[in-house]
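Inside the fold
The chain contents come next:
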Amino acid sequence: MSELYSASRPVSKNRPNPGALRYLWQERRTSTMAIDQSGVWRFRDLLPIVPDERIVTLREGNTPLYEMPKAAAALGLNWLLAKHQGMNPTGSFKDTGMTAALSVAVASGYEWVACASTGNTSAAMAAYAARAGLRSMVLIPEGKIAWGKLSQSMDYGSTTIQLRTDFDGCVRVLGEIVQRAPVYLLNSVNPYRLEGQKTPAFEILEQCEWQVPHHIIVPGGNLANCSALGKGFAEMLHLGFIHRVPKISVIQAEGANPLYQSLRTNGGVSLEPVTANTRASAIQIGNPASWKKAVRILASTGGWCEQVSEREIALAKAEIGAEGIGCEPASAVTLAGLKKLVASGRVGKEETAILLLTGHTLKDSEYTIKYHRGELLTEAEMMGASAEELALHASLRHEPIVLDAEADAVLRAIDAQMQSALPA
Ligand SMILES: Cc1ncc(COP(=O)(O)O)c(C=O)c1O
């Protein structure tokens, strides 16, 4: 304690010593204790929310930062990185927030936890509740979440309720339930979720050897994640770990773009909810709870909000897949949005941009399969695509080949592949 809060720093004796903390956070990774191995709780010096013995962890966090050389080259950037939050235990960034908020539920003595979800929150909550031995209930919009996510909440033993409404309708019903029953609310308005979700900001800085990237690009749904990351970077600045923060930009799907509309029409003073409609089901949210925080983060960091079409999302997702990384559609909006930020000169060639890939590609395999079979986008959606874009789609699409069980047939197929160029 005395070294971490060293009096040798002239600023204040109660202020942590960044050098000592940086060392401690790294050192914990070599420990065998679960709370040290967790990429959230190894930063627990900045998460003073529950006693160590109440922590519920699946050793979340510590996710990789990948280079994206093909996408960088296509965009004319010197380099581009992706922080893959889909590599968390339940396959999305939600785990980093859920470990924190669910630990608080345990420490507070709750028996029931609940959330409304577009799928990933419910998967994370169900898993952490199962680990803690709590009962959990998820409210999800019927027919509007990916099967991979629905299967997770069932597998982890949650009471899974599909309501005949959209995500925003589920939030409304849940709001009433928590007024009438002793249920702990685990939606992203829960402040402890944001505490956990701020830690990827610390990891990013660590992975960049404390050189601050210029841009962080985040998908926007309920708009909690951009706020949490903004908080994480702001804390690092405040505590003297860094001297500036990255610009945080939020990307929305055109069909679920209330923040984009708000900023365009009234500079983020008010937000008009929209009826959300996008295949990127994780961000199909028309009335985002944390929009005011998002406006503040954009303003304080100097970032932007962009919107991207279904065609642009599908192309970006295939491009991320072609890097050998993959992600779910909602995460792919980041690359699609970055293209616009580069085209408008907001992201420069020499600058470092990091895409936040929020969910694993296997979360929504149906989307991927439909894309590669050419069954995803409608003719109307493809209208307006340039010849160059059509060629790109064609080169990225890899339909399965069905053959008779003969070596000759397979060899002929390989020959045919040899005629086409190697993937760049
Ligand atoms: C994969 C994925 N990406 C992005 C988001 C959007 O995050 P937020 O709702 O915090 O804006 C979600 C939210 O459910 C998600 O599941």
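Each chain carries its own residue numbering, running from 1 in the written order of its sequence. The predicted nature of this model means local features are confined to residues of pLDDT at least 70 and side-chain atom pairs, given and counted, to a pLDDT of 80 or more, with totals for whole chains, interfaces and linings taken over all residues.

1. Section: the overall build of the protein chain
Note the cut-off: Counting from the N terminus, the helices are the DSSP runs of H or I reaching at least four residues and the strands are the DSSP runs of E reaching at least two. Labels follow a simple rule on C-beta atoms placed from the backbone: if 20 or more others lie within 10 Å of a residue's own, it is buried; if 12 or fewer, it is exposed; otherwise it is partly exposed.
Counting its secondary structure elements, the protein chain contains 18 helices and ten strands. Projecting the C-alpha coordinates of the protein chain onto the three principal axes gives extents of approximately 70 × 55 × 50 Å. Looking at the protein chain as a whole, 48% of its 424 residues qualify as buried.

2. Observations regarding unusual backbone geometry
With a phi angle near 60 degrees, R59 is a residue other than glycine that sits in the positive phi range. The phi dihedral of E209 falls on the positive side, at around 50 degrees, and the residue is not glycine. Relative to the assigned elements, E209 resides in the loop between α9 (199–207) and β7 (215–219). Classification of E209 as exposed rests on a count of 6 C-beta atoms within 10 Å.

3. Structural notes on the sheet that holds strand β6 (residues 183–185)
Remark on secondary structure: sheet strands pair via backbone hydrogen bonds, oriented parallel or antiparallel. The cut-off we apply is this: Strand pairing is assigned whenever DSSP identifies at least 2 bridges connecting the two strands. Fitting a line to C-alpha atoms yields each axis, with helices limited to the stretch in contact; the angle taken between N-to-C directions then spans 0 to 180 degrees.
Spatial ordering of the open sheet is given by β5-β4-β3-β6, a layout of four strands whose pairing is parallel. Looking along the sheet, the strands with just one partner apiece sit at the ends: β5 (159–163) and β6. Direction aside, neighbouring strands of the sheet carry axes that sit 25 degrees apart on average. Pairing between strand β3 (residues 112–116) and strand β4 (residues 135–141): five bridges, direction parallel. Counterpart to V113 in the pairing with β4 is S136.

4. Digging into the confidence of the model for the protein chain
The condition that has to hold: Per-residue confidence from the predictor is given as pLDDT, running between 0 and 100. Each residue is represented by a C-beta atom placed from its backbone, and any two residues with such atoms within 7 Å are regarded as in contact.
Residues at a pLDDT of 70 or more form 96% of the protein chain, whose mean pLDDT is 94. Scored below 50 in pLDDT, residues 1–11 shows 19 contacts in the model against residues more than four places distant or in partner chains.

5. A look at helix α12 (residues 291–301)
Inclusion rule: What the arc covers is the set of directions going from the helix axis to the C-beta atoms.
Within α12, burial applies to W291, A294, V295, I297, L298 and T301. Down the axis of α12, the sector holding all buried residues measures 165 degrees, keeping them to one side. Looking one or two residues beyond α12, the residue adopting positive phi is G302, at roughly 85 degrees.

6. Things to note about the nonpolar core
In plain terms, the rule: By definition, a nonpolar core groups buried Ala, Val, Leu, Ile, Met, Phe, Trp, Tyr and Cys residues that connect through C-beta atoms lying within 7 Å of each other.
In terms of nonpolar packing, the biggest core is built from 110 residues, with L102, V113 and M125 touching the most fellow members. Considering every element that reaches this core, the biggest residue donor is helix α14 (residues 329–343), with eight residues. Sequence-distant contacts of M125, that is, excluding residues within four places in its chain, are made with M98, L102, V113, C115, S136, V138 and L186.

7. Comments concerning the site of the ligand
Note the following rule: As a rule, any residue with its backbone-derived C-beta atom within 6 Å of a molecule or strand is reported as near that molecule or strand. Amino acids are sorted into nonpolar (Ala, Val, Leu, Ile, Met, Phe, Trp, Tyr, Cys and Pro), charged (Asp, Glu, Lys and Arg) and polar (every other residue, Gly among them).
Near the ligand lie 19 residues; those nearest to it are G221, N222, A282, T358 and G359. Where the shell around the ligand is concerned, the elements lending two or more residues are α5 (120–132), α10 (224–238) and α14. Class assignment for the residues of the shell around the ligand results in six nonpolar, twelve polar and one charged.

8. Observations concerning the pairing of strand β9 (residues 305–308)
Judged by which residues are buried, β9 turns out to be covered on both faces: C305 and Q307 on one side and E306 and V308 on the other are all buried. Note: strand β8 (residues 247–253) against β9, four bridges, orientation parallel. Bridging across to β9, I251 finds its partner in E306.

9. Here's the deal with the packing of α9 against α10
Where we set the bar: Each angle receives one of four descriptions, namely roughly parallel if under 35 degrees, roughly antiparallel if over 145, roughly perpendicular if within 65 to 115, and oblique otherwise. For any helix crossing, the convention is left-handed if the near helix is rotated counterclockwise from the far helix by under a right angle, and right-handed if that rotation is clockwise.
In the contact formed by α9 and α10, the axes pass within 7 Å of each other and the chain directions differ by 55 degrees. Overall, the two elements α9 and α10 adopt an arrangement that is oblique. The way α9 lies across α10 gives a crossing that is right-handed. Contacts between α9 and α10 pair T199, P200, A201, F202 and L205 from the former with L229, G232, F233 and M236 from the latter.

10. As for the packing of helix α13 (residues 310–322) against α14
Packing of α13 against α14 leaves a shortest axis separation of 8 Å and a crossing angle of 95 degrees. Viewed along their axes, α13 and α14 adopt a mutual orientation that is roughly perpendicular. Contact residues: E312, I313, A316, K317, E319 and I320 in α13; P329, A332, V333, L335 and A336 in α14. Its residues assigned to classes, the contact of α13 with α14 comprises eight nonpolar, no polar and three charged.

11. Some remarks on the pairing of β8
Where a strand is regular, its side chains alternate between the two sheet faces. The following threshold applies: The path from the first strand over the helix to the second decides the hand: if it runs clockwise while the strands point away from the viewer, the crossover is right-handed.
Where burial is concerned, most of β8 is hidden: seven out of the seven residues are buried. When β7 meets β8, the two strands line up parallel, connected through five bridges. Bridge assignment links P219 to a residue of β8, and that residue is I251. Handedness of the crossover is the feature at issue here: the chain leaves β7, passes through α10, returns alongside β8, and the resulting connection is right-handed.

12. A look at the sheet that holds β7
One open sheet holds the six strands; their spatial order is β1-β2-β10-β7-β8-β9, and the pairing between them is mixed. Of all the strands in the sheet, just β1 (65–67) and β9 have a single pairing partner and so form its edges. Pairwise comparison of adjacent strand axes, ignoring direction, gives a mean angle of 25 degrees for this sheet. Relative to β9, helix α11 (residues 258–266) is tilted by about 125 degrees, and along the sheet it contacts β8 and β9. Taken strand by strand, α12 contacts β8 and β9, and its axis lies near 135 degrees from that of β8.

13. Some words on the environment of I283
Mapping I283 onto the fold places it in the loop between α11 and α12. I283 sits in the buried class, given 28 other C-beta atoms within 10 Å. Through-space distance from the C-alpha of I283 to that of L223 is 9.2 Å; in sequence the pair is 60 residues apart.

14. Details of the environment of A126
One can find A126 in helix α5. A126 sits 13 residues away from V113 along the chain, and the two C-alpha atoms are 9.0 Å apart. Residues within four places of A126 in sequence aside, it is in contact with S136, V138, Q152, S153, Y156, G157 and S158.

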